[in-house]
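Chain and residue survey
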Amino acid sequence: QVQLVESGGGLVQAGGSLRLSCAASGRTFSNYAMGWFRQAPGKEREFVAAISWSGGVTYYADSVKGRFTISRDNAKNTAYLQMNSLKPEDSAVYYCAADRTFPAVVVPTTRNEYDYWGQGTQVTVSS
């Protein structure tokens, strides 16, 4: 089992920044690709960004490319999502997820590929 706990959400004005953290425990963190998803009220949970177990490969949804950066610190068992130039349409509950992919260097982008999920953290961007 892998336990994931997100933090760092909150209320921010449009154009502002937030950094989300996802702390993992329970298994070898560096064996897992990590992903961030988000879900707005009345909408499906959608992919935001993913990073390979090594940190060497990342992938982003077009809607966040150039504004968001995913990273990880395997020594701290933590993944991050730096969100800049936030827009009201970025408002959602953000979830981190883990998928055991080692040794393959891949970045899963669909919900079904992920085995473990955090409880989510709310991000609200005011206009």
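Report on the accompanying structure. (Residues numbered from 1 in each chain as written. Predicted model: local features only at pLDDT ≥ 70, side-chain atom pairs only at ≥ 80, totals over all residues. Heavy atoms only, no water.)

With that out of the way, let us pick up the pairing of strand β7 (residues 68-73). The two faces of β7 differ: Phe68, Ile70 and Arg72 on one face are buried, but Thr69, Ser71 and Asp73 on the other face are not. Looking at chain direction, β7 and strand β8 (residues 78-83) are connected through six bridges and run antiparallel. Residue Ser71 lies in a different strand from β8, and its bridge partner there is Tyr80. The antiparallel pairing of β7 with β8 creates a hairpin that spans four residues between the two strands, and Asn77 there sits at a positive phi of about 55°. (Buried < 20%, exposed > 50% of the residue type's maximum accessible area, 1.4 Å probe, protein only. Helix = DSSP H or I, 4+ residues; strand = E, 2+ residues; numbered from the N terminus. Pairing = 2+ DSSP bridges.)

Taken in spatial order, the four strands line up as β1-β3-β8-β7 in an open sheet, and their pairing is antiparallel. Looking along the sheet, the strands with just one partner apiece sit at the ends: β1 (3-7) and β7. For this sheet the average axis-to-axis angle between neighbouring strands, irrespective of direction, equals 15°. Bridge count between β1 and strand β3 (residues 18-25): five bridges; the pairing is antiparallel. Looking at the pairing, Val5 lines up with Ala23 of β3. (Axes fitted to C-alpha atoms, helices over the stretch in contact; angles between N-to-C directions.)

A separate point is unusual backbone geometry. Phe102 connects to Pro103 through a cis peptide bond whose omega is 5°. By the secondary structure assignment, Pro103 is in the loop between β9 (92-100) and β10 (116-117). Phi is positive for Asn77, close to 55°, though the residue is something other than glycine. In this structure Asn77 comes out as partly exposed when scored by relative accessible area, which is 30%. Positioned with a positive phi, Ser85 is a non-glycine residue whose angle comes to about 50°.

A few words on the packing of aromatic side chains. Throughout the structure, instances matching the rule amount to seven aromatic pairs. Pairing Phe37 with Phe47 gives two aromatic rings, centres 5.7 Å apart and planes at 75°, and the pair type is edge-to-face. Taken together, the residues Phe37 in strand β4 (residues 32-39) and Phe47 in strand β5 (residues 46-51) connect sequence positions 10 residues apart. Exposure remark for Phe47: the relative accessible area of 13% places this residue in the buried category. Grouping aromatic residues by their ring pairs yields a cluster made of Phe37, Phe47, Tyr59, Tyr114 and Trp117. Sitting over the face of the ring of Tyr95, Arg45 holds its NZ or CZ atom 3.6 Å from the ring centroid. Between Arg72 and the ring centre of Phe29, over which it is positioned, the NZ or CZ distance is 4.4 Å. (Phe/Tyr/Trp six-rings, centres within 6.5 Å; stacked < 30°, edge-to-face > 60°. Lys NZ or Arg CZ within 6 Å of the ring centre and 35° of its normal.)

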